[in-house]
Amino acid sequence: MFAGESIFSNFSFVDIFGKSTIKKPAAVDLVSRNHLGVRWPSLLLAACIPLGTAHGQAAVTSLDFPPTSPAAGAAAHSDLGSYTPAQHDALLANARLGNIAQPAVLEQLTAWLQTPLLKGELLRVLADSVVLAGQAGQPEKALFFARQAPINALPDYALSDVIAAARAVRDLDAQGDAVSALRSRHPDGWQPKFQDVLWRIDARQLDAAQAALHELTAQLSAPTLAQRIALLELSGALAESKNDAFAALASYNEILQLDPGHRYATRANSHLLAAQGGSTAAFAAAQMANTTHLDVFSKLELAQLNQQALGERLRWAIRERDIYATSARWRSLDAVLLDFESQIELARAEQAQAAVGAPVAAWRALQQRLMFDQLFALFERGSGKAAIALYEKLQAEGIQLPSHALSAAAGAYALERRSDLAVPLYAAVLQDAGTASSLSPGDRASIVFAYVDTGQFEQAEALMVALESQVPPTLRLTPEQGRPNSEYSDLRALRALIKLYTDRPAAAERDFALLSSLAPFNAEFRSGQALTARLRQQPQSAIAHYEALLTDHPDDVTAQAGYAEGLLDTGEINHAVSLVSQLAFLYPESGSVRAAVRARDAVTAPRLDVSIGAAEGGGALANQEWLSDSRLSSAWFGANEWRAFYHQVAGSANTNAGSTRRVRGGIGLEWLKGPWQWQGELHQANSGPYRTGLAIDLNYRLSDRWRLAAQVDTNSNRVPWKALAAGIGAHEATAAAAYIVNESRRFDGQLRRLDYSDGNLRNSADVGWRERLLTGPRFQLEGRVNVEAAKNSRQGTPYFNPSHEAAVQVGGRAQYLSWKRDDRSFVQVLDVGAGRYRQAGFGTGPLWNLRYEHKWVFGPALQLSYGVGLSSHTYDGQKERGRQIFIRFSVPLK
């Protein structure tokens, strides 16, 4: 055996030139490894098997002919007549001299097979045809010729090619027949016994192969170096068939100690390392082997190993990203992305240069695998738009993606707030997995959230039920009984989050409280508690939860992002902006961080808020009226505590006393810091006694429960239209308080005083109670009770002004979610109310109102609502019907 070659390699010892040669193995070998996906070279006999001859020709096992032109080959072929042994010898002589190409030789042999031949002549022609077809990479044709002989009648030199061809097409019967023929002819030969062991390995007769290998090893009491290497190759192949990769690696490493340049052991070592998760080491070893011993690995094989190594590097880069809390967390992942790009370009170039056939397909498949991994890496880098662009490119080319790439594409869509496009991809991932429990916990949560974000609440619930039935609370395979299953705990937390995101905060609060009591230091459970407090309108409690959590888990990104949003809720804008900016730089891949970025932008952006309404009916207040209230606010400045605004209230009305028009514009400053909010406005009106004036608002959050407010305005916007028509204005002072239990229960109270310029003093008070009665992902119902009372010091005014009046009203508000996509939604609202109104001197009468509204939300910043209403009210003992229409919108200006 020649150094560096394997007994598995495709070589021969005596060719038509009469000298020893070694045929270099093909770039991609013929027979696949059984379970590891590594390539096996084809197997031929070693030199110690006696080779037969016929009519003086040399035994042929390899025909490596120099290239000739088709014309030369055809000419040589045409010089040959009908078959004779001499013509056969002449054909081989011409081939030896390079006067005829290998395909032409095989063509001539095939032609002779169509003529009458003696038995010996037929056998010789068939044998050489087997060899030529095998060497030409046509194993099926080689086996066809062999079976015409039949196989057990072929000479030894042809049996070697039969075995190679049989292994190439995994024809165990033909391989066994050839091995059996060799063993019957050479019962004591170690090479036939070697072939027998290999055939048993291929046939999965592993116990028999082990016994035969043991017998063969015992037979060679003093094996040569070549025989020791051959036995180690058999041991490695047998270990691989038994799925014992580490034993196989041990055998191949021992071969490399005996012969460092051994080609097959070098290749097998790298392929096995890659299959066992050591792709980086496998690629490095393959590169070193190609540097030391040229062409051990083809360019394609090196690229394939590099692709596997890049996948391994990607996994470690993601772990490194999750460990570091500085910009260094991206160093390895960015390097991997650059390497993906260069390898994709290499594969694309090699595919363009390769000939039509297997190489083109192999380079194309490699390029696609690299792009799949690149898509996954882009998603993990937080480059959602780039990942989506790559996915859509692959989709346009009709390429079917594996689950990990589909999951990454779906995640990228979700990251960019396109969950409607993510859902079908997640559904495909779920279908590939077979059962929901087979998915990773991250994919489970992503699919459930995608359903929720697109309003498919029934599908989300069905998936949760399936998961809860498939994931056991305790581990089944564990040293001790009853060990908790962490995946089940994650599932419980996911269930609580889904309740929270589908408007069942009270149930979510109970779940998180229970989970946190069972695992007090679990960051996910405590983060859920904090988020629940935020959504239950308890901002200070949420901040306390987050601060305690970050004390124990300072690097928890979800907690940091939640804390930043909590700071926005409590008026600590500057601190929140700084924290969100830092998080956005370090963790662009985090969905929680992106949500915090959107919340920050919504709060800090300049914006325009407009409310416009029109009404008609009756005459006590106005026959027709319209009113607009617009406010243009700047971005926050001065440590994010100040902003400027322009405020305009404009309207007109037709009354029994005539028409009137009012416009009041003002500029002002707003200051917000923690629980305090103050704003002052200098305004100018077009008419009335108080054209130039000042308005001041003060708000204070005393606690999560209590809110206090006060307002002073020297030119009130609440003056009735008939008073404005008469040139009457008013000063206004208001004090208000609210007691907020949570998002479902609230109590409000207010005192107001209007000091009219005609000497009238109007004092009023009202209290209200609002209660959420039903809550769910699609439908909500809440009730309310309002009681109002007022008195005026002066009668006989030109505007409606009873000495005493009071009203009590009970109402309800029902809303239905008709459409949802991420933070965009469309809600239909029906608001009804009914009660009694009492006016001094006129007794009591009924009142009622009905309003239908559409509410559109386009993210946290842009909102639009519009609707119509009907109402009935008693004034001076007369019922008046009214009709209203309104529109409101709030638009960010960046």
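Residues numbered from 1 in each chain as written. Predicted model: local features only at pLDDT ≥ 70, side-chain atom pairs only at ≥ 80, totals over all residues. Heavy atoms only, no water.

Caption draft 1: Spatial organisation of the overall build of the chain. Broken down by element type, the chain carries 29 helices and 18 strands. Residues counted as buried form 49% of the 894 residues belonging to the chain. The long-range fraction of contacts in the chain, counting pairs at least 24 apart against all pairs at least 6 apart in sequence, stands at 56%. Total accessible area on the chain is roughly 40000 Å²; 57% of this is exposed by carbon and sulfur atoms. (Helix = DSSP H or I, 4+ residues; strand = E, 2+ residues; numbered from the N terminus. Buried < 20%, exposed > 50% of the residue type's maximum accessible area, 1.4 Å probe, protein only. Contact = heavy atoms within 4.5 Å. Areas by Shrake-Rupley, 256 points an atom, 1.4 Å probe, with all protein chains shown as cover.)

Caption draft 2: Just the environment of Asn152, in detail. Here Asn152 is to be found in the loop between helix H5 (139-148) and helix H6 (156-168). Sequence separation between Asn152 and Ser184 is 32 residues; the distance between their C-alpha atoms is 9.6 Å. Those residues in contact with Asn152, other than ones at most four positions away along the chain, are Ala181 and Arg185.

Caption draft 3: Quick look at the packing of aromatic side chains. Applying the stated criterion across every chain, the model contains 17 aromatic pairs. Measuring from centroid to centroid gives 5.1 Å for Phe800 and Tyr875, while their planes differ by 90 degrees, and the two rings are edge-to-face. Of this pair, Phe800 sits in the loop between strand S13 (779-792) and strand S14 (804-821) while Tyr875 sits in strand S17 (residues 862-875), and the two are 75 residues apart along the sequence. Accessibility assignment for this pair places Phe800 and Tyr875 in one class, buried. Ring geometry for Tyr837 and Tyr875: centres 6.4 Å apart, planes at 55 degrees, overall tilted. One end of the pair, Tyr837, is in strand S15 (residues 824-839); the other, Tyr875, is in strand S17, with 38 residues separating them in the sequence. Across this residue pair, the class does not change: Tyr837 and Tyr875 are buried. Pairwise contacts between aromatic rings join Trp819, Phe826, Trp856 and Phe858 into one cluster. We note Arg381 situated over the ring of Trp330; from NZ or CZ to the ring centre the distance is 3.9 Å. (Phe/Tyr/Trp six-rings, centres within 6.5 Å; stacked < 30°, edge-to-face > 60°. Lys NZ or Arg CZ within 6 Å of the ring centre and 35° of its normal.)

Caption draft 4: Representation of the nonpolar core in the model. Ranked by size, the top nonpolar core spans 62 residues in total, and within it Leu375, Tyr391, Leu401 and Leu463 carry the most contacts. Considering each element in turn, this core owes the most residues, nine residues, to helix H16 (residues 358-380). Not counting chain neighbours up to four residues away, the residues in contact with Leu375 comprise Ala387, Leu390, Tyr391, Leu401, Ala405, Ala408 and Ala409. One finds Val125, Ala142, Ala146 and Leu182 within the second-largest nonpolar core, a separate group that totals 37 residues. (Core = buried A, V, L, I, M, F, W, Y, C linked by side-chain atoms within 4.5 Å.)

Caption draft 5: Up close: H6. Along its 13 residues, H6 runs 19 Å from first to last C-alpha, staying within 8% of the 18 Å computed at 1.5 Å per residue. Counting buried residues in H6 gives 13 out of 13 residues, a clear majority hidden from the surface. (Expected span 1.5 Å × (residues − 1).)

Caption draft 6: Main features of unusual backbone geometry. Here the amide bond leading from Ala149 into Pro150 is cis, since omega sits at 5 degrees, within 30 degrees of zero. Tracing the sequence through the fold places Pro150 in the loop between H5 and H6. Here Gln537, not a glycine, exhibits a phi torsion of approximately 60 degrees, which is positive. Following the sequence through the fold, Gln537 ends up in the loop between helix H24 (523-535) and helix H25 (539-552). The exposure class assigned to Gln537 is partly exposed, which follows from its relative accessible area of 33%.

Caption draft 7: Focus on the pattern of salt bridges. In this structure the tally under the stated criterion is 50 salt bridges. Taking the shortest distance from any N to any O, the salt bridge between Glu743 and Arg536 comes out at 2.8 Å. Taken together, the positions of Glu743 in the loop between strand S10 (730-742) and strand S11 (745-756) and Arg536 in the loop between H24 and H25 put the pair 207 residues apart, joining distant regions of the chain. The exposure class assigned to Glu743 is buried, which follows from its relative accessible area of 7%. A salt bridge links Arg784 to Asp831; the nearest nitrogen and oxygen atoms lie 2.8 Å apart. Linking Arg784 in strand S13 with Asp831 in strand S15, this pair joins segments that are 47 residues apart in sequence. According to the relative accessible area criterion, Asp831 is buried, its value standing at 9%. Salt bridges sharing common partners tie together Arg321, Asp322, Arg329, Glu380 and Glu589. (Salt bridge = Lys/Arg side-chain N within 4 Å of Asp/Glu carboxyl O.)

Caption draft 8: Representation of the pairing of S17 within the structure. When strand S16 (residues 843-858) meets S17, the two strands line up antiparallel, connected through 11 bridges. Directly across from Asn849, in S17, lies its bridge partner Ser871. Counted along the chain from S16 to the antiparallel partner S17, the turn is three residues long, and its residue Gly859 has a positive phi close to 90 degrees. Sheet topology places S17 next to strand S18 (residues 878-892); 13 bridges connect them, and they run antiparallel. By the bridge assignment for S18, Leu870 is matched with Arg883. The hairpin formed by S17 and S18 contains two residues between the paired strands, and Asp876 there has a positive phi angle of roughly 55 degrees. (Pairing = 2+ DSSP bridges.)

Caption draft 9: Summary view of H5. Of the residues making up H5, those classed as buried are Pro139, Ala142, Leu143, Phe145 and Ala146. All buried residues of H5 project into a common sector of 160 degrees when viewed along the axis, lining one side. Considering only its buried residues, H5 is in contact with helix H3 (102-113), helix H4 (119-135), H6 and helix H7 (172-185). (Arc of directions from axis to C-beta.)

Caption draft 10: Just the packing of helix H2 (residues 85-96) against H3, in detail. At their nearest, the axes of H2 and H3 sit 11 Å apart, and the two run at 170 degrees to each other. When the axis of H2 is compared with that of H3, the two are roughly antiparallel. Judged by residue contacts, Gln87, His88, Leu91 and Ala95 of H2 engage Val105, Gln108, Leu109 and Trp112 from H3. Here the contact of H2 with H3 is composed, by residue class, of five nonpolar, three polar and no charged. (Axes fitted to C-alpha atoms, helices over the stretch in contact; angles between N-to-C directions. Parallel < 35°, antiparallel > 145°, perpendicular 65-115°, else oblique. Nonpolar A, V, L, I, M, F, W, Y, C, P; charged D, E, K, R; others polar.)

Caption draft 11: Quick look at the packing of helix H11 (residues 245-258) against helix H12 (residues 263-275). Two elements in contact, H11 and H12, have axes separated by 9 Å at closest approach and are oriented at 150 degrees. It follows from the interaxial angle that H11 and H12 lie roughly antiparallel. H12 is crossed by H11, and the crossing has left-handed handedness. On the side of H11, the interface is formed by Ala245, Ala248, Leu249, Tyr252, Asn253, Ile255 and Leu256, while H12 contributes Tyr264, Ala265, Thr266, Ala268, Asn269, Leu272 and Leu273. (Left-handed = near helix turned anticlockwise from the far one by under 90°.)

Caption draft 12: Spotlight on the side chain of Ser871. Residue position: Ser871 is located in strand S17. Within the structure, Ser871 has its side chain in polar contact with the side chain of Gln884 (distance 3.0 Å). When neighbours within four sequence positions are excluded, Ser871 is seen to be in contact with Trp848, Asn849, Glu880, Arg881, Gly882 and Gln884. (Polar contact = N/O pair within 3.5 Å; in protein donor to acceptor, adjacent residues only side chain to side chain.)

Caption draft 13: Here's a closer look at the pairing of S10. Where strand S9 (residues 706-713) meets S10, eight bridges bridge the pair, whose relative direction is antiparallel. Its bridge partner being in S10, Gln711 is matched across the sheet by Thr734. Of the strand pairs in this sheet, S10 and S11 are connected by 12 bridges, and their pairing is antiparallel. Paired with Ile740 across the bridge in S11 is Arg746.

Caption draft 14: Expanded view of the confidence of the model for the chain. In this model, the chain carries an average pLDDT of 87, and 90% of its residues clear a pLDDT of 70 or more. Taken as a whole, residues 1-79 scores under 50 in pLDDT and shows 203 contacts with residues more than four places along the chain or in a different chain. (pLDDT = per-residue confidence, 0-100.)

Caption draft 15: View of the environment of Gln108. If you trace the backbone, Gln108 turns up in helix H3. Once the C-alpha coordinates of Gln108 and Ser129 are considered, the two residues, 21 residues apart in sequence, prove to be 9.6 Å apart.

Caption draft 16: View of the side chain of Ser129. In this structure, Ser129 sits in helix H4. By relative accessible area, Ser129 is classed as buried at 0%.

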